[in-house]
Amino acid sequence: LGDESIIMVKLSSAAMTLLFAAPLSITAFVFSPKHHTPSTSLASSTGNALDSILSVFDNKKSNNNNYQLAQSIMLSLINDEKCFSTTAGAQKFAESCAVDVVFEDCYEPQPIVGRSAVLDYLRAKILTRVGGSESSDKDAGFRVDKISDGSKACGFAWTWTSNDLEGLRGTTFVELNDSNQIQYVREIPEPLYKPGDLILDVLKTVTADATPKPPPEYTPRTPTKANEIAKYLFNDVQGSSPDEAMRFFSPDIIYRDFNYEEVLRGKAEVRKFIEDFSFPGITFATQRFDDGEKSTCFTWEVVLEGAPEGSAIKGISFYEVDESGLVTYVRDVPESGLKPPPLGKLGRQFRPAVGVFQPVSIGSRDAL
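Reading the values: rules and limits
Residues numbered from 1 in each chain as written. Predicted model: local features only at pLDDT ≥ 70, side-chain atom pairs only at ≥ 80, totals over all residues. Heavy atoms only, no water. Salt bridge = Lys/Arg side-chain N within 4 Å of Asp/Glu carboxyl O. Helix = DSSP H or I, 4+ residues; strand = E, 2+ residues; numbered from the N terminus. Buried < 20%, exposed > 50% of the residue type's maximum accessible area, 1.4 Å probe, protein only. Lys, Arg positive; Asp, Glu negative; His and termini not counted. Polar contact = N/O pair within 3.5 Å; in protein donor to acceptor, adjacent residues only side chain to side chain. Pairing = 2+ DSSP bridges. Contact = heavy atoms within 4.5 Å. Axes fitted to C-alpha atoms, helices over the stretch in contact; angles between N-to-C directions. pLDDT = per-residue confidence, 0-100. Arc of directions from axis to C-beta.

A.B. asks: Honestly, the pattern of salt bridges in this entry has me stumped. Any pointers?
C.D. replies: As enumerated under the stated definition, the model contains 18 salt bridges in all. One salt-bridge network, held together by shared partners, links Arg143, Asp145, Glu166 and Arg365.

If you want it as structure tokens, here you go:
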């Protein structure tokens with residue numbers, strides 16, 4: 001199967017291997033009942049980077065009540081400081097973090113913990129993309145495709161670029177502490193191997209002995225802010241009523257689930273997708289939400305009945321809504337079970353600047 005599976009003799013073992021090696025979809029479950037050791041020192045106090053960003057934010061906030069802090073910090077770090085594409089920018093990102101920041105890059109086997117460790121990690125990642133030298137003129141860009149308008153936390157969909165090419169995509173969730181320092185990050189890149197409907201067969205095999213449960217009761221309501229819609233759909237309606245859920249999707253919905261090569265378009269395709277994955281044995285649990293109003297990002301994990309303990313699959317979702325409160329865009333990114341995922345690792349080694357075997361021309365994709 002390529003990227004993230006191991007051939008085993010027994011069907012049940014093979015199914016489990018594929019399950020924990022390949023990514024899992026979030027929507028599939030919505031309506032079914034050693035830390036890194038730092039080597040680079042970094043001052044323990046908040047650096048000048050965050051102070052400067054907060055100063056700009058205070059000026060803009062006085063003129064715009066809708067200006068959002070988390071979104072502002074991340075846009076400044078990514079676009080102005082170039083924190084994910086230059087080593088100087090990585091320093092600025094680290095200066096904006098809490099001393100005990102946790103950076104959960106789900107490509108890596110363990111979270112990176114601590115400001116100095118995060119700086120080491122980002123520097124190494126950037127240097128790998130540009131060819132190993134800070135003086136390299138190799139272009140290794142980082143493009144923000146969409147970002148939620150959160151103040152306490154936000155998330156963004158991104159793409160790696162290089163000159164006129166674009167490659168690896170993913171989603172990142174960022175949360176601030178009470179001092180407006182970055183305290184938590186989860187990042188998940190797209191899997192290069194996308195199993196498609198095969199994942200459905202695997203899930204049914206793993207949960208074959210699950211006991212059906214009655215649908216939970218919920219109180220119907222109509223939230224209009226993105227983060228409240230996501231909470232309602234996943235924390236209240238989940239497992240109950242596909243009809244109630246579909247009420248919140250736009251007729252023009254574009255749904256990007258990275259288990260699949262192609263996007264879902266329109267309510268009919270999204271509904272079929274939901275119904276295909278509605279069977280017992282899957283427990284979906286949301287973890288962290290941002291406070292975005294026009295778009296929102298949140299983290300989650302999925303536990304499968306019958307799967308080994310501690311095998312929950314982590315993920316991130318990004319939702320965007322229109323003025324009437326209907327969801328117009330979704331991106332789901334599940335983690336891979338093997339870390340780093342073999343095919344993903346090879347893609348980064350083969351074309352480090354873009355992270356994939358076959359990049360495409362910038363802007364040529366029909367959907368992000």
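Okay, back to it.
A.B. asks: Can you help me understand the side chain of Arg331 in this one?
C.D. replies: Within the secondary structure layout, Arg331 lies in strand E12 (residues 327–334). The buried charged residue Arg331 lacks any salt bridge, with Asp145 as its nearest oppositely charged partner at 4.1 Å.

A.B. asks: Would you mind showing me how to read the environment of Asp322 here?
C.D. replies: Relative to the helices and strands, Asp322 is located in the loop between strand E11 (313–321) and E12. With relative accessibility at 28%, the residue Asp322 sits in the partly exposed group. Residues Asp322 and Ser295 lie 27 residues apart in sequence; the distance between their C-alpha atoms is 8.8 Å. For Asp322, the side chain forms a polar contact with the side chain of Ser324, separated by 2.8 Å.

A.B. asks: What am I meant to see in the pairing of strand E3 (residues 141–147) here?
C.D. replies: Strand residues, when the strand is regular, have side chains that alternate between the two faces of the sheet. With six of seven residues buried, E3 is to be regarded as a mostly interior element. Two strands pair when backbone bridges link them, and E3 and strand E4 (residues 153–162) are joined in this way by six bridges, in the antiparallel orientation. Paired with Ile147 across the bridge in E4 is Phe156. Here E3 hands over to E4 after five residues, the two strands then running antiparallel side by side.

A.B. asks: Would you mind going over the environment of Phe84 with me for this structure?
C.D. replies: Tracing the chain through its elements places Phe84 in the loop between helix H4 (69–80) and helix H5 (87–95). When the C-alpha atoms of Phe84 and Arg123 are compared, they prove to be 8.7 Å apart, with 39 residues separating the residues in sequence. Excluding residues that lie within four positions of it along the chain, Phe84 makes contacts with Met74, Ile78, Phe93, Leu122, Ile126, Arg129, Phe142 and Phe156.

A.B. asks: I would appreciate a short explanation of the sheet that holds strand E9 (residues 282–289) in the present structure.
C.D. replies: As a general point, the strands of a sheet are linked pairwise by backbone hydrogen bonds and lie either parallel or antiparallel. In spatial order, the strands read E8-E7-E12-E11-E10-E9; together these six strands make up an open sheet with mixed pairing. This sheet does not close on itself; its edge strands, each paired only once, are strand E8 (264–265) and E9. Sheet strands in contact with helix H8 (residues 226–237) are E9, strand E10 (295–304), E11 and E12, and its direction is about 155° off that of E9. Along the sheet, helix H10 (residues 266–276) contacts strand E7 (249–257) and E8; its crossing angle with E7, the most-contacted strand, is approximately 50°.

A.B. asks: How should the confidence of the model for the protein be read in this particular structure?
C.D. replies: Any region with low pLDDT has predicted coordinates that should not be read closely. In this model, the protein carries a mean pLDDT of 86, and residues with pLDDT of at least 70 account for 83%. Contacts for the low-pLDDT stretch residues 1–21, under 50 throughout, to residues beyond four places or in other chains number 51 contacts. pLDDT under 50 marks residues 25–40. Its contacts with residues more than four places away, or in other chains, come to 65 contacts.

A.B. asks: Could you clarify how one ought to interpret helix H11 (residues 342–350) in this entry?
C.D. replies: Because an α-helix completes one turn every 3.6 residues, residues spaced three or four positions apart along the sequence face the same direction. When we look at burial in H11, the residues that qualify are Gly344, Gly347 and Arg348. Down the axis, H11 shows its buried residues gathered within 95° of arc, on one side only. For H11, the exposed residues set more than 90 degrees away from the buried face come down to Gln349 and Phe350. Residues of H11 that are buried in the fold lie against helix H6 (115–130), E4, strand E5 (165–176) and strand E6 (182–189).

A.B. asks: Would you mind showing me how to read the pairing of E9 here?
C.D. replies: Here six bridges tie E9 to E10, and the two strands are oriented antiparallel to one another. For Thr286, the partnering residue across the bridge sits in E10 and is Trp300. Hairpin remark: E9 followed by E10, antiparallel, with five residues in the connecting loop.

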